[in-house]
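Residues per chain are reported as follows:
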Amino acid sequence: CALLDNGGVRCWGRNNNGQLGNGTTTSSNRPGAVLGITNAVDVAVGREHTCATLADGGVRCWGSNDEGQLGNGTRVGSKTPVGVSGVSSADSISAGKQHTCATGPYGIVWCWGDGSVGQLGQGAYADSTTAVRVKGLVGARQVAAGARHNCTLQSDSTLRCWGKNDDGQLGNGTLDKANAPVKALGGNYSEVAAGTYHTCARAAGATDWCWGFNKYGQLGNGNTVDSHHPIRVL
């Protein structure tokens, strides 16, 4: 999906669950307009759902909703955008496999959808079909959602991560899942990105660091060994 200068969103590709937002379930190899979205400021694509933050601070989502990842209080999918409940003044968004997170005023973060491994950060291992606040978290400048984990870049240039951690993707030196944010090792970060089961961040001096699953060399350190702490990309 692409965010347009005029606030519209256009999507293309697979559409089996209505994730293109055009009112159908027909896949498309050309970009098509998402219905009813005219003032978007950010867009995020999950596995089979899509969400956008709007200029008025609201959030709208469409596509698959089996785990509540559309955030409208149901588990019924939608081929057109629906409003997320419990969010106001959102300014950025990131979508995981079956969950979604957004940032808001003072760096708070809301998440909704699949929470079975703690990826909603609410202090429990439970799903939510409406947005819930990530426990104890303020000062987030950016949120990045992986398949079943999330990390935020904080105002003090550190990272906080939560959710699935079987491969060390939280970067805190353990393999323990977390249902509330934990501090990743290292600091002076300026950007963070989350993959399926790994995470990468940029630090001072334009150095890049990655951690987590590494079977295919996605940590970029010259081997295929997983790491539960940040290691520098070669």
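Notes on the structure in this doc start here. (Residues numbered from 1 in each chain as written. Predicted model: local features only at pLDDT ≥ 70, side-chain atom pairs only at ≥ 80, totals over all residues. Heavy atoms only, no water.)

**Notes on the sheet that holds strand β18 (residues 207-212)**
Picture the strands of a sheet paired through backbone hydrogen bonds; they go either parallel or antiparallel. Strand order in the open sheet formed by four strands is β16-β17-β18-β19, with antiparallel pairing between adjacent strands. Strand pairing shows two members of the sheet lacking a second neighbour, β16 (189-194) and β19 (227-232), which therefore form its edges. Across the sheet, the mean angle from the axis of one strand to that of its neighbour is 20°, orientation sign disregarded. (Pairing = 2+ DSSP bridges. Helix = DSSP H or I, 4+ residues; strand = E, 2+ residues; numbered from the N terminus. Axes fitted to C-alpha atoms, helices over the stretch in contact; angles between N-to-C directions.)

**Some points on unusual backbone geometry**
Of note in the backbone geometry, Asn188 takes a positive phi value of approximately 60° without being a glycine. By the secondary structure assignment, Asn188 is in the loop between β15 (178-183) and β16. Backbone geometry at Ala206 places phi at a positive 60°, although glycine is not the residue there. Locating Ala206 in the fold gives a position in the loop between β17 (198-203) and β18.

**Points about the packing of aromatic side chains**
By the definition in use, this model includes three aromatic pairs. A centroid spacing of 6.2 Å and a plane angle of 85° characterise the contact between Tyr197 and Phe213, whose relative ring orientation is edge-to-face. One end of the pair, Tyr197, is in the loop between β16 and β17; the other, Phe213, is in the loop between β18 and β19, with 16 residues separating them in the sequence. For Tyr197, a relative accessible area of 28% corresponds to the partly exposed category. Consider the rings of Phe213 and Tyr216, whose centres lie 6.3 Å apart with planes at 75°: the pair is edge-to-face. (Phe/Tyr/Trp six-rings, centres within 6.5 Å; stacked < 30°, edge-to-face > 60°. Buried < 20%, exposed > 50% of the residue type's maximum accessible area, 1.4 Å probe, protein only.)

**Comments concerning the nonpolar core**
Core analysis: the largest hydrophobic core is formed by 16 residues, its most contacted members being Val59, Cys61, Val84, Val87, Ile93, Trp110 and Trp112. Going through the elements one at a time, β6 (59-63), β8 (92-95) and β10 (109-113) are the ones with two or more residues in this core. Among the nonpolar cores identified, the runner-up in size contains 13 residues, and Ala144, Cys161, Val192 and Ala201 belong to it. (Core = buried A, V, L, I, M, F, W, Y, C linked by side-chain atoms within 4.5 Å.)

**Structural notes on the pairing of β8**
By the alternation rule, side chains of β8 split into Ser92 and Ser94 and Ile93 and Ala95, which are all buried. Note that β8 and strand β9 (residues 99-103) share four bridges and pair antiparallel. Residue Ile93 lies in a different strand from β9, and its bridge partner there is Ala102. The antiparallel hairpin formed by β8 and β9 contains three residues in its connecting segment.

**Details of the state of the cysteines**
Think of a disulfide as a covalent bridge from one cysteine sulfur atom to another cysteine sulfur atom. Per the stated rule, a full pass over the model turns up five disulfides. With a sulfur-sulfur separation of 2.0 Å, Cys1 is cross-linked through a disulfide to Cys11. As the torsion about the S-S bond is roughly 110°, the Cys1-Cys11 disulfide counts as right-handed. On the criterion of sequence distance, the pair formed by Cys1 in the segment before β1 (2-3) and Cys11 in strand β2 (residues 9-13) is long-range, its members being 10 residues apart. Under the relative-accessibility criterion, Cys1 is labelled partly exposed at 33%. Judged by its relative accessible area of 1%, Cys11 falls in the buried class. Numbered by order of appearance in the sequence, the disulfide-linked cysteines of the protein pair as 1-2, 3-4, 5-6, 7-8, 9-10. (Disulfide = S-S within 2.5 Å.)

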